[in-house]
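Report on the structure
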Amino acid sequence: MCARTSLNEKRILTFSALLASGFAGGGLILGMLVGSLVIVFDGVYSLVSLLLTLLSLAVSKFIERPSRREFPFGKSVLEPIVIVIKGAVILAIVGYSLHSAVIAVFNGGREVDASIATLFGVINVLGCGYAWWHIANKSKRFSSGLIEAEAKQWQMDTLLSVAVTLGFIAAWLLTLSPLAHYSVYADPMMMIAMSFYFIKVPFEMLRDALRELLMMKPAEDICRAVDKEVSALAEQVSPQLELAGVTKVGRELRVKLDVRPIDQQLKVAELEKTRRILKDKLSKLSLDLNLTMNIAH
């Protein structure tokens, strides 16, 4: 990872941690005061987001430290491990909240002050929306897996806040109608609906990170970019090149090439030229290239 990307990552994670701490405290306190499962969930989610962001920040700093003895093949594997932890924790929160909401429905619903809850929801939408926009905007040029996971967290929080606000507005309107006695079910039903919708985000985080840990095939756009550049490179160098494998682990792109010398002799200078050209061509992917070249006969 380049120095600019590393600096950008630390700034974004620090900004995210500070903002999440404010939402976590406000959501937990107000949620318990008005008795809303949804607001408590939002506060708990923000608190866990804060803890996970601090974990990401710690791992980001740790990855930058040289320690070849403990990690002879680099620390890139730590990034998908952190994302797996994030996805698993968020998935657990959503699952527990779904369970609590179902129990509340069977117990006759929950009475909630919709006016206060709606005001809090509007503030949350504005704050979370700004965080999501800011992180997504800052990560356009210099990004990493940790930054992308952070953007997904704030995206999920923003959509959650929008759903909460719309739900409380609907609940408030319901209290003004002849169906006011059904308003007690608004809060747990919103929680159930959101749980089924938001379970997709942590599931995808888990799936993608586990694919990296298992050294599986990366995203199609990465594969196409590598295949294209290797094919173009084969026309610029004398040895025959064949792409043997591509994997992505964290911020590291691992490419394996089979090199077949034409005249049974292969110069070191040719190998270095091949490595240098391919690294330059794949720099647009903003990943650290780990190139392995096997001499095939």
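Provided above is the structure to which this section pertains.
So, here's what we can say about the structure. (Residues numbered from 1 in each chain as written. Predicted model: local features only at pLDDT ≥ 70, side-chain atom pairs only at ≥ 80, totals over all residues. Heavy atoms only, no water.)

So, the environment of N137
Within the secondary structure layout, N137 lies in helix α4 (residues 114-138). A relative accessible area of 35% places N137 in the partly exposed class. (Helix = DSSP H or I, 4+ residues; strand = E, 2+ residues; numbered from the N terminus. Buried < 20%, exposed > 50% of the residue type's maximum accessible area, 1.4 Å probe, protein only.)

A word on the side chain of E229
Relative to the assigned elements, E229 resides in helix α8 (residues 220-234). Setting aside anything within four residues of it in sequence, one finds E229 in contact with L278, K281, L282 and K284. (Contact = heavy atoms within 4.5 Å.)

A word on the packing of aromatic side chains
In the structure shown here, the tally under the stated rule is two aromatic pairs. Pairing F15 with Y130 gives two aromatic rings, centres 6.2 Å apart and planes at 75°, and the pair type is edge-to-face. Here the residue F15 occupies a position in helix α1 (residues 3-34), and Y130 occupies one in helix α4, the gap between them amounting to 115 residues. Given the relative accessible area of 22%, F15 is considered partly exposed. By relative accessible area, which is 43% here, Y130 ends up partly exposed. Between Y130 and W133 the ring centres are 6.0 Å apart and the planes differ by 35°, which places this aromatic pair in the tilted class. With a gap of three residues between them, Y130 and W133 both fall in helix α4, about one helical turn apart. Put simply, the rings of F15, Y130 and W133 pair up and form one aromatic cluster. (Phe/Tyr/Trp six-rings, centres within 6.5 Å; stacked < 30°, edge-to-face > 60°.)

What to know about the sheet that holds strand β1 (residues 240-249)
Across the sheet, which stays open at both edges, the three strands sit in the order β1-β2-β3 with mixed pairing between neighbours. In the strand order of this sheet, the two ends are held by β1 and β3 (288-295), each with one partner. Between one strand and the next, the sheet's axes are offset by a mean angle of 20°, whatever the strand orientation. Pairing analysis gives eight bridges linking strand β2 (residues 252-260) to β3, with the strands arranged parallel. Of the residues in β3, the one forming a bridge with K256 is T292. Across the sheet, α8 is in contact with β1 and β2; its angle to β1 comes to roughly 155°. (Pairing = 2+ DSSP bridges. Axes fitted to C-alpha atoms, helices over the stretch in contact; angles between N-to-C directions.)

Things to note about unusual backbone geometry
The backbone of M215 sits at a positive phi, close to 60°, despite the residue not being glycine. Position of M215 among the secondary structure elements: in the loop between α7 (200-213) and α8. Take M215: its relative accessible area is 39%, and that puts it in the partly exposed class.

A short note on α8
Between the first and last C-alpha of α8 there are 21 Å, a value that for 15 residues agrees with the 21 Å anticipated at 1.5 Å per step. What α8 keeps buried is the set I222, C223, A225, V226, E229, V230 and L233. For α8, the buried positions fall inside an angular range of 165° around the axis, keeping them on one side. Seen from the buried face of α8, the exposed residues on the opposite side, beyond 90 degrees, are R224 and K228. (Expected span 1.5 Å × (residues − 1). Arc of directions from axis to C-beta.)

Overview of the nonpolar core
F168 and M194 are the most contacted members of the largest nonpolar core, which totals 27 residues. When residues of this core are traced back to their parent elements, those giving at least two are α1, α2 (37-64), α3 (78-106), α4, α5 (145-175) and α6 (186-198). The greatest single-element share of this core, amounting to seven residues, is contributed by α2. In terms of nonpolar packing, the next biggest core, distinct from the first, is built from 18 residues, V237, L241, L278 and L287 among them. (Core = buried A, V, L, I, M, F, W, Y, C linked by side-chain atoms within 4.5 Å.)

Points about the pattern of salt bridges
Applying the stated criterion across every chain, the model contains five salt bridges. K200 is paired through a salt bridge with E204; the nearest N and O atoms lie 3.9 Å apart. Highlighted residues: K200 and E204, both in helix α7, separated by four residues, approximately one helical turn. (Salt bridge = Lys/Arg side-chain N within 4 Å of Asp/Glu carboxyl O.)

Considerations on a nonpolar patch on the surface
Together, V162, L166, I169, W172, L173 and L176 make up an exposed nonpolar region whose accessible area comes to about 570 Å². Within the secondary structure, W172 is located in helix α5. Given a relative accessible area of 42%, W172 falls into the partly exposed group. (Patch = residues over 30% accessible without salt bridge, like charges linked within 9 Å, V, L, I, M, F, W, Y side chains within 5 Å. Areas by Shrake-Rupley, 256 points an atom, 1.4 Å probe, with all protein chains shown as cover.)

Things to note about the packing of α3 against α6
Two measures define how a pair of helices packs: the angle their axes make with one another and the distance between the axes. Following both chains from N to C, one finds α3 and α6 inclined at 150°, their axes separated by 8 Å at the closest point. In this structure, α3 meets α6 at a crossing whose hand is left-handed. Packed against α3, whose contacting residues are V94, S97, L98, A101, V102, A104 and V105, the element α6 presents P188, M189, M191, I192, S195 and F196 at the interface. Of the residues that constitute the contact of α3 with α6, the class distribution is eleven nonpolar, two polar and no charged. (Left-handed = near helix turned anticlockwise from the far one by under 90°. Nonpolar A, V, L, I, M, F, W, Y, C, P; charged D, E, K, R; others polar.)

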